[in-house]
Amino acid sequence: MTASTFASSAEPKHHPDYCMAISQSLIHNLVNLLPHGPAISVLSIGSGTGLLESLLSPLLDDSYDLCGVEVAPNVNKYLPEQNMYFVGGTWDLCSQAAKAHVWMFTYPREPKLILRYLDVYDHANLSRIIWLGPKMDWQSDYEATFASSKFSRLTVLEDSGAAAYEMVVIAERPLQA
Ligand SMILES: C[S@@+](CC[C@H](N)C(=O)[O-])C[C@H]1O[C@@H](n2cnc3c(N)ncnc32)[C@H](O)[C@@H]1O
């Protein structure tokens, strides 16, 4: 099954190259979650093979720059080289995060990495963090992490197109009173 078959699948389907099950509606919902603007930078931190990201890219116009971040160059299979950043180890951060408007974390390994990013690169133009992964991980590890962070306004995306045991959450800054 090719990556493009996934993009047109109504039901979420697993591809051996990606942790998150992918469906057409998941892809479209993710596109709709992105802010609009003249130059929007989206950074997928821990993009793995880049499969999901490569399915989003063709749906984005030129105002978007979608890049992945990984530890080892040989993990990436689907994103063009110029759309990839690499860090020195699992403890390391990518400085492009300081310019990105959206951070995506799909099946991150641990909440600590997100907290480190927020500590170092929280900046005014960062509009939202999109978290994708297993519901169990969200409830056990990530919900509390985000709830006590500056991005504590959490919205679980309904009918996200994810598998029944997975979810998509949008984390944003609290609204000003
Ligand atoms: C569980 S995998 C998920 C990969 C992909 N998002 C997916 O869903 O298939 C987590 C990925 O995060 C990457 N990773 C771990 N620490 C990282 C860091 N500090 N910066 C960027 N990527 C990191 C790992 O190399 C791994 O590919």
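Read on for an overview of the structure. Just so you know, these numbers come straight off a predicted model, no measurement behind them. (Residues numbered from 1 in each chain as written. Predicted model: local features only at pLDDT ≥ 70, side-chain atom pairs only at ≥ 80, totals over all residues. Heavy atoms only, no water.)

### Describing the sheet that holds strand E5 (residues 128–134)
Next, step 1: Judged by pairing direction, the sheet is mixed, and its 7 strands sit side by side in the order E3-E2-E1-E4-E5-E7-E6 without closing on themselves. Two strands close off the open sheet at either side, each with one partner strand: strand E3 (84–86) and strand E6 (153–156). Shown here is a sheet whose adjacent strand axes are inclined to one another by a mean of 20°, direction ignored.
Next, step 2: Sheet analysis places strand E1 (residues 40–45) next to strand E4 (residues 102–106), joined by 3 bridges and oriented parallel. Each residue of the ladder has a partner; that of Val42, found in E4, is Val102.
Next, step 3: Across the face of the sheet, helix H2 (residues 24–33) comes into contact with E5 and strand E7 (166–172) while running at roughly 160° to E5.
Next, step 4: Together, E1, strand E2 (64–70), E4 and E5 form the strand contacts of helix H4 (residues 111–121), whose direction differs from that of E4 by roughly 165°. (Pairing = 2+ DSSP bridges. Helix = DSSP H or I, 4+ residues; strand = E, 2+ residues; numbered from the N terminus. Axes fitted to C-alpha atoms, helices over the stretch in contact; angles between N-to-C directions. Contact = heavy atoms within 4.5 Å.)

### A look at the site of the ligand
Next, step 1: Neighbouring the ligand are 17 residues; Cys19, Gly46, Glu70, Thr90 and Thr106 lie closest to it.
Next, step 2: In the environment of the ligand, a nitrogen atom lies 3.4 Å from a nitrogen or oxygen atom belonging to the side chain of Tyr18.
Next, step 3: Taking 590 Å² as the accessible area of the ligand by itself, protein coverage stands at 88%.
Next, step 4: Here the residues of the shell around the ligand sort into 8 nonpolar, 6 polar and 3 charged. (Near = heavy atom within 4 Å. Polar contact = N/O pair within 3.5 Å; in protein donor to acceptor, adjacent residues only side chain to side chain. Areas by Shrake-Rupley, 256 points an atom, 1.4 Å probe, with all protein chains shown as cover. Nonpolar A, V, L, I, M, F, W, Y, C, P; charged D, E, K, R; others polar.)

### Side note on the side chain of Gln96
Next, step 1: On the secondary structure map, Gln96 appears in the loop between E3 and E4.
Next, step 2: In terms of polar contacts, Gln96 uses its side chain to reach the side chain of Ser41, at 3.5 Å.

### Comments concerning H2
Next, step 1: Buried residues of H2: Leu26, Ile27, Leu30, Val31 and Leu33, and no others. An end-on view of H2 places all buried positions within 160° of arc, on one side of the element. (Buried < 20%, exposed > 50% of the residue type's maximum accessible area, 1.4 Å probe, protein only. Arc of directions from axis to C-beta.)

### Some details on unusual backbone geometry
Next, step 1: The phi torsion at Tyr107 lies on the positive side, around 50°, for a residue other than glycine.
Next, step 2: With respect to the helices and strands, the residue Tyr107 is situated in the loop between E4 and H4.
Next, step 3: You can call Tyr107 partly exposed: its relative accessible area is 24%.

### Some details on the side chain of Glu70
Next, step 1: Structurally, Glu70 can be placed in strand E2.
Next, step 2: For the buried residue Glu70, which engages in no salt bridge, the nearest side chain bearing the opposite charge is Arg109, 7.0 Å off.
Next, step 3: For Glu70, the residues in contact, after removing those within four places along its chain, are Gly46, Ser47, Gly48, Val75, Met84, Tyr85, Phe86 and Val87. (Lys, Arg positive; Asp, Glu negative; His and termini not counted. Salt bridge = Lys/Arg side-chain N within 4 Å of Asp/Glu carboxyl O.)

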